[in-house]
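Examination of the molecular architecture
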Amino acid sequence: MTRDGSAGGSEPDANSAPDANRDLLREAREAVVEYAPALAALTPGRTGNLSVRDGDRVAVTPTGVPYDSFDAADVPVVSLEGERLAGRMAPSSEVPMHTGIYQHDRPGAIVHTHSPWATTMATLGRKLPPIHYMIAAVGREVPLADYAPYGTEELAANVVAAMAEADSDAAILANHGLVVTGPDVETAVENTRHVEDICRLYLRASAVGEPRVLTDDQMATVEERFESYGQQPDAE
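Residues numbered from 1 in each chain as written. Predicted model: local features only at pLDDT ≥ 70, side-chain atom pairs only at ≥ 80, totals over all residues. Heavy atoms only, no water.

**Regarding the pattern of salt bridges**
Under the counting rule described, the total for this entry stands at seven salt bridges. Between Arg 88 and Asp 71 there is a salt bridge; the shortest N-O distance is 3.2 Å. In this pair, Arg 88 is assigned in the loop between strand S4 (84–86) and helix H2 (95–105) and Asp 71 in the loop between strand S2 (57–60) and strand S3 (77–79), connecting sequence segments 17 residues apart. Lys 127 is the salt-bridge partner of Glu 141, the closest N and O atoms lying 3.2 Å from each other. (Salt bridge = Lys/Arg side-chain N within 4 Å of Asp/Glu carboxyl O. Helix = DSSP H or I, 4+ residues; strand = E, 2+ residues; numbered from the N terminus.)

Here it is, written out as structure tokens:
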């Protein structure tokens, strides 16, 4: 078993993978290739995965291989039911979690990491409260999903339930790691970095005292300001 809990210790057999649909979800598979190396800065070894959805199909990182060692033709494509449709390599062991989230919330992309600060929160069994306004990128808090073995339908259900209850685009997975969703893979990766950084702030502040938490009214103001954040198109 690899460090990310993927099945088997060797690379998937390229000759056994579906190859009839090699052009299926080409842009989504290219996006997976482009952004997969970003996982190297977020998670140890090969312990992360990400996916991009296009309609009812999902391009996802292959299991147990370095993030910079595959191309678009290698990237697996699966249905929302988890059926493998294309790609020379086998998909991530966390496909059930990815497809479970897509079936419920229909985001455009998902990033899963074992990033050190969020995973520290996971081992402590703590959710991330709104100690900094940038948490609004994913919601008013990052909830804690109950523990379940990696790669299982139970874990998928726990993550979906936690995110739905908190109305959050992210969840800390108890004794496991972090999952973040977004409208596209660039945003999902960026928001993963935001959550990891706020986890770091929370844990460092907790070592000195009790971090102050923003109120619901304060967070509502942040959410309102976020609606006009960044470059806006010129009004006609």
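After presenting the structure, the write-up continues.
**A short note on helix H5 (residues 185–206)**
Every α-helix carries 3.6 residues per turn, so stepping three or four residues along brings you back to the same face. Along its 22 residues, H5 runs 31 Å from first to last C-alpha, staying within 8% of the 32 Å computed at 1.5 Å per residue. For H5, the set of buried residues is Val 185, Ala 188, Val 189, Asn 191, Thr 192, Val 195, Glu 196, Ile 198, Cys 199, Tyr 202 and Leu 203. On the buried face of H5, the contacting elements are helix H1 (26–35), strand S1 (49–54), strand S5 (109–113), helix H3 (116–124), strand S7 (170–173) and strand S8 (177–182). For H5, the N-terminal capping position is held by Asp 184, with its side-chain oxygen 3.3 Å away from the main-chain nitrogen of Glu 186. (Expected span 1.5 Å × (residues − 1). Buried < 20%, exposed > 50% of the residue type's maximum accessible area, 1.4 Å probe, protein only. Contact = heavy atoms within 4.5 Å. Polar contact = N/O pair within 3.5 Å; in protein donor to acceptor, adjacent residues only side chain to side chain.)

**A short note on H3**
Every buried residue of H3 is accounted for by Ala 118, Thr 119, Met 121 and Ala 122. Down the axis of H3, the buried side of the element spans an arc of 150°, and every buried residue falls inside it. In this structure, the buried residues of H3 make contact with S7, S8 and H5. Immediately downstream of H3, the backbone of Gly 125 shows phi near 70°, a positive value. (Arc of directions from axis to C-beta.)

**Observations concerning the pairing of S7**
Alternating residues of S7 divide into Ala 170 and Ile 172 and Ala 171 and Leu 173, and every residue in both groups is buried. With two bridges connecting them, strand S6 (residues 144–145) and S7 associate as parallel partners. Of the residues in S7, the one forming a bridge with Leu 144 is Ile 172. Two elements, S7 and S8, share four bridges in a ladder whose sense is antiparallel. Along S8, the bridge assignment pairs Ala 171 with Val 179. Connecting the antiparallel pair S7 and S8 is a turn made up of three residues, with Asn 175 showing a positive phi of about 55°. (Pairing = 2+ DSSP bridges.)

**Some thoughts on a negative patch on the surface**
Together, Glu 34, Asp 184, Glu 186 and Glu 190 make up a negatively charged patch on the protein surface. Positionally, Glu 190 belongs in helix H5. Glu 190 sits in the partly exposed class, given a relative accessible area of 40%. (Patch = residues over 30% accessible without salt bridge, like charges linked within 9 Å, V, L, I, M, F, W, Y side chains within 5 Å. Areas by Shrake-Rupley, 256 points an atom, 1.4 Å probe, with all protein chains shown as cover. Lys, Arg positive; Asp, Glu negative; His and termini not counted. Charge placed at Lys NZ, Arg CZ, Asp CG, Glu CD.)

**Considering the confidence of the model for the protein chain**
On average, residues of the protein chain score 90 in pLDDT, and 87% of them reach the 70 mark or higher. In this model, residues 1–17 is a region of pLDDT below 50 whose contacts with residues beyond four sequence positions or in other chains number 34 contacts. (pLDDT = per-residue confidence, 0-100.)

**As for unusual backbone geometry**
Of note in the backbone geometry, Leu 25 takes a positive phi value of approximately 55° without being a glycine. On the secondary structure map, Leu 25 appears in the segment before H1. Here the phi dihedral of Asn 175 falls at roughly 55°; this positive angle occurs in a residue that is not glycine. Tracing the sequence through the fold places Asn 175 in the loop between S7 and S8. When its relative accessible area of 52% is taken as the criterion, Asn 175 is described as exposed.

**A short note on the nonpolar core**
Counting residues in hydrophobic clusters, the biggest one holds 25 residues, and the most contacted among them are Val 32, Leu 50, Phe 70 and Val 185. Those residues in contact with Phe 70 that lie beyond four places of it in its chain are Val 32, Val 33, Ala 36, Thr 61, Pro 62, Val 65, Val 75 and Met 89. (Core = buried A, V, L, I, M, F, W, Y, C linked by side-chain atoms within 4.5 Å.)

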